Amino acid sequence: MTLWGGVRLDLTNAKSKARELARLSSTIKAAAANPTARSGAKPGGTSAGAWLLATPLAIVLGIFLVIPILMLVVVSFLDYNSVQIIWSFVVQNYIDAVSSAATWQTFAVTLKYAVITWAITLFLGFWLSYFLAFEVRGAAWQMGLFLVCSIPFLTSNIIRTISWIPALGRNGIVNSVLLHFHLIHQPLTFLLYSQFAIILAFVHLNTLFMVTPIFNSMMRIDRTLIEAARDNGAGFWQTILNVILPLSKTGIGIGTIFVITLVMGDFVSVSIMGGGQSASVGIMIQNEMSQLQYPAAAANAVILLAIVLIMVFLILRVVDIRKEL
C-alpha cells in the first residue's frame, strides 16, 4: 500500500506541475499577443503617463517649430510694397518665385553645392569611420581619435570659415608654399572667392556630421560577420561592398540628411568664401529681407523648406533610420 500510495502521490504532483506549466505557457502567450496588458495601458491606446511625458517636448516643438513655420507660411501669402506689409491674401509671391529664371538658377546652384558636398563628405566620412571602427584597436584610442576630429567644432562656423581666407588668398599660405617650391609661376586665383572655396568650406564644416552616424553604425556591426566573409574567400572590396556598406546604410542616411539640410540653408559660408560673387537661396532670402521684402523672402523660404522635406522623405524611403534610434 505504501508503494502504491507513493506512486499515486507522484502522479498527482506531476499532474499538478503540468497544469501549472500549462497556465504559465498560456499567460506568456497572452502577454506576447497583447503587450499593452503588461504595461497597464488600455488596448489600442496610450497610458496617461506616456502622454504626460510627451507633453513638455510637444509644447517646445509647438512653440519653437510649428508656430514659426505657420507664421512663415502666413507671411508668404501677404502683399507688400517698399515700406510695409499689406494684410491681403495673394499668391503673387509664389508666382514671382516660380516664374523667375534667376530664382530657379539660384536653387540649382544651391542644390549643386549640396550634392558635391554630400559626395565628398560621404567619401571622407566613410573611410574615416572605417579607420576608426576597424583599424584602430581599443575603445580608448577610438574615442580619443574621434574627439580629436571634433575639436574644430569647439569654435563657431564663422571663425572656421574665415580661417581659410589667409590660407587661400593670393598672398596666402598655399600660394606662398607653391611659389616657393616653383610648382606654380603665379598665384592661383581660384582658391578664394570662388565655388571651389565655398565647397571647401562646406566640406570642412560638415564632414563630422557624416562621420558621427556612420561611425556609430560601423561600431554596431558584428565582427564575426566580417570574419565569416573572409573565411569564405571574400577580399577587401567584396567585404566592403557586401557586408560593411549595407550594414552602414542607416548611418549614411542620417549623415546625408544632416549634410543636405545644413548646406541647403547655409548663407554665411557662401557669403564669406564666395566674396559676394556667388549666389545661394540663403543669400537670396537675406537680400530680400534687407530690402524689407518679407513676404517674398517667406515664399522662397517655404519653397526651400518644401524641397528639403521632399529630399528627406526620399532618403527615408531608402533608409530606415529608426534602426539607429
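Just so it is clear, the structure is predicted and the values come from calculations on it, not from any experiment.

## Remarks on the packing of helix 13 (residues 249-265) against helix 16 (residues 294-318)
Packing of helix 13 against helix 16 brings their axes to within 10 Å, and their N-to-C directions diverge by 175 degrees. Classed by the angle they form, the pair helix 13 and helix 16 counts as roughly antiparallel. When helix 13 is examined against helix 16, the residues Lys 249, Gly 253, Thr 256, Ile 257, Ile 260, Thr 261, Met 264 and Gly 265 are found in contact with a partner set consisting of Leu 304, Ile 307, Val 308, Met 311, Val 312, Ile 315, Leu 316 and Val 318. Looking at the contact of helix 13 with helix 16 residue by residue, the class counts come to 11 nonpolar, 4 polar and 1 charged.

## What to know about the nonpolar core
One finds Tyr 113, Phe 134, Ile 214, Met 218, Ile 244 and Met 273 to be the most contacted residues of the largest nonpolar core, which totals 58 residues. Counting residues per element, this core draws most heavily on helix 10 (residues 195-219), at 12 residues. Sequence-distant contacts of Tyr 113, that is, excluding residues within four places in its chain, are made with Gln 195, Ile 198, Ile 199, Phe 202, Val 263, Ser 278 and Ala 279.

## Side note on the pairing of strand 2 (residues 85-89)
It is a general feature of regular strands that their side chains alternate between the two faces of the sheet. Bridge analysis of strand 1 (residues 78-80) against strand 2 gives 3 bridges, and the strand direction is antiparallel. Opposite Tyr 80, over in strand 2, you have Ile 85 as the bridge partner. What sits between the antiparallel neighbours strand 1 and strand 2 is a turn of 4 residues.

## Quick notes on the UniProt feature "transmembrane region" (unreviewed entry) in the chain
Look at the UniProt record and you will see "transmembrane region" (unreviewed entry) annotated at residues 50-78, 85-107, 113-133, 145-168, 188-211 and 294-316. The distance separating the terminal C-alpha atoms of residues 145-168 is 27 Å; by composition the span is 67% helix and 0% strand.

Definitions and cut-offs
Residues numbered from 1 in each chain as written. Predicted model: local features only at pLDDT ≥ 70, side-chain atom pairs only at ≥ 80, totals over all residues. Heavy atoms only, no water. Axes fitted to C-alpha atoms, helices over the stretch in contact; angles between N-to-C directions. Helix = DSSP H or I, 4+ residues; strand = E, 2+ residues; numbered from the N terminus. Parallel < 35°, antiparallel > 145°, perpendicular 65-115°, else oblique. Contact = heavy atoms within 4.5 Å. Nonpolar A, V, L, I, M, F, W, Y, C, P; charged D, E, K, R; others polar. Core = buried A, V, L, I, M, F, W, Y, C linked by side-chain atoms within 4.5 Å. Buried < 20%, exposed > 50% of the residue type's maximum accessible area, 1.4 Å probe, protein only. Pairing = 2+ DSSP bridges. UniProt positions renumbered as here; feature names shortened; annotations may be inferred.

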